[in-house]
Amino acid sequence: MNIRDRLKDKKRVVIKIGSSSLTHPDTGRLNLIKLEILVREISDLRNQGIEVVLVSSGAIAVGRKAMGFDHKPQLLSQKQACAAIGQARLMMIYQKLFAEYNQTAAQILMTKNTMVNNLNRKNAKNTFNELLQMGAIPIVNENDTISTYEIEFGDNDTLSAVVAALIGADLLILLSDIDGLFTDDPRTNESAKFVEVVEKLDDRLMNMGKATTGSSVGTGGMATKIHAAEIATAAGADMVIANGKDFHVIHKIMQGRNHGTLFLANRKEEFYLIDYLEKI
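Residues numbered from 1 in each chain as written. Predicted model: local features only at pLDDT ≥ 70, side-chain atom pairs only at ≥ 80, totals over all residues. Heavy atoms only, no water.

Peer 1: I'd like a rundown of the nonpolar core, residues and numbers included.
Peer 2: The biggest cluster of nonpolar side chains holds 44 residues, and the ones touching the most others in it are Val-14, Met-110, Phe-128, Val-140, Val-163, Ile-167 and Met-239. Mapped by element, the contributors of at least two residues to this core are strand E2 (51-56), strand E3 (105-110), helix H6 (118-134), helix H7 (156-167), strand E5 (171-176), helix H9 (222-235), strand E9 (238-243) and helix H11 (273-277). Of all hydrophobic cores here, the second largest spans 36 residues; its members include Leu-7, Leu-22, Leu-38 and Leu-54. (Core = buried A, V, L, I, M, F, W, Y, C linked by side-chain atoms within 4.5 Å. Buried < 20%, exposed > 50% of the residue type's maximum accessible area, 1.4 Å probe, protein only. Helix = DSSP H or I, 4+ residues; strand = E, 2+ residues; numbered from the N terminus.)

And the structure:
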């Protein structure tokens, strides 16, 4: 049996989309054609009875364009103001598109405090479970409007892994501007080899996650994706890193086709999410 056939049986999936996968590279504005494909792919998963949580970046990117910023805002107050504007716009578009497929989108904004505090974490878990039971599609983002350095996740790769662990998801899909894990950065090293399957994360693989990103709008490089894999696989979820250039890749991954790097679940008997949060 092909090891990827196990992906066909997944019932609770977290999908993370990076800012660079949602926007046009030349203008930084939302790519509405890609957004429609994303919504259709997720809606079809719901039609198959699969529960889906979407972790979506893009609030600051959308907000900054709405307010005429040509570059990433540097001041924290500017980022937070852009996030406040962009998050509302982004959710409005998501809700409109999902409604076309008779799906209901829900918004959940989180900070690290949501997870570190025991009561907050329990409430967040209950909310996710209730929404999924209702058949809604939770759309998650970091609460950039109020987040400061002390309480932020810092990137949505980590946030999506934390969400996957919290709700007991059996698959996490990270879609970004890279095809998966390579032995080195393929943008600078032509001899870098693609890694199809990671059975176990070891020190060598952890060191391969260099803190680089090829995007002007995203925040997560390979280091954050390896860290996400560490959390998700220890919690018992398989994880796939794949290219978000074409969102049709979602159903191809779910069908067990050979796309992206597959990290196999390696559940730890004593998995405490709080231990991993302390490393952030």
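Peer 1: How would you explain the side chain of Lys-65 if you had to name every residue and give the values?
Peer 2: With respect to the secondary-structure elements, Lys-65 resides in helix H3 (residues 59-66). Ignoring sequence-local partners within four residues, the contact set of Lys-65 consists of Thr-27, Gly-28 and Arg-29. (Contact = heavy atoms within 4.5 Å.)

Peer 1: Go over the side chain of Asp-155, please, and point to the residues and values.
Peer 2: Inspection of the secondary structure assignment puts Asp-155 in the loop between strand E4 (137-142) and H7. Here Asp-155 sits buried without a salt bridge, and the closest side chain of opposite charge, Lys-16, lies 6.7 Å off (N-O distance). Of note is the side chain of Asp-155, whose polar atom sits 3.1 Å from the backbone nitrogen of Asp-157. (Lys, Arg positive; Asp, Glu negative; His and termini not counted. Salt bridge = Lys/Arg side-chain N within 4 Å of Asp/Glu carboxyl O. Polar contact = N/O pair within 3.5 Å; in protein donor to acceptor, adjacent residues only side chain to side chain.)

Peer 1: Report on the packing of aromatic side chains, specifying residues and quantitative values.
Peer 2: Per the stated rule, a full pass over the model turns up 2 aromatic pairs. Ring plane angle 65° and centroid distance 5.2 Å describe the contact between Phe-182 and Phe-194, whose orientation is recorded as edge-to-face. Here Phe-182, found in strand E6 (residues 181-182), pairs with Phe-194, found in strand E7 (residues 194-195); they are 12 residues apart in sequence, far enough to count as distant. Since its relative accessible area comes to 16%, Phe-182 is described here as buried. Of note, Lys-34 hangs over the ring of Phe-247, and the distance from its end group to the ring centre comes to 4.7 Å. (Phe/Tyr/Trp six-rings, centres within 6.5 Å; stacked < 30°, edge-to-face > 60°. Lys NZ or Arg CZ within 6 Å of the ring centre and 35° of its normal.)

Peer 1: So what's going on with the pattern of salt bridges? Residues and values would help.
Peer 2: Pairing is possible between side chains of opposite charge, provided their charged atoms come close. In this structure the tally under the stated criterion is 6 salt bridges. Where Asp-157 meets Lys-225, a salt bridge forms, and the shortest distance between an N and an O atom there is 3.0 Å. With Asp-157 in helix H7 and Lys-225 in helix H9, this residue pair connects regions lying 68 residues apart in the sequence. Counted as one network, the salt bridges with shared partners bring together Arg-6, Lys-10 and Asp-238.

Peer 1: Describe the pairing of strand E1 (residues 12-17), naming the residues involved and giving the relevant values.
Peer 2: With 6 of 6 residues buried, E1 lies mostly within the body of the structure. When E1 meets E2, the two strands line up parallel, connected through 6 bridges. Residue pairing across strands places Ile-15 opposite Leu-54, the latter belonging to E2. Pairing of E1 with E5 involves 5 bridges; the strand directions are parallel. Counted as the bridge partner of Lys-16 is Leu-174 from E5. (Pairing = 2+ DSSP bridges.)

Bear in mind that shape data such as this cannot, by itself, settle questions of function.
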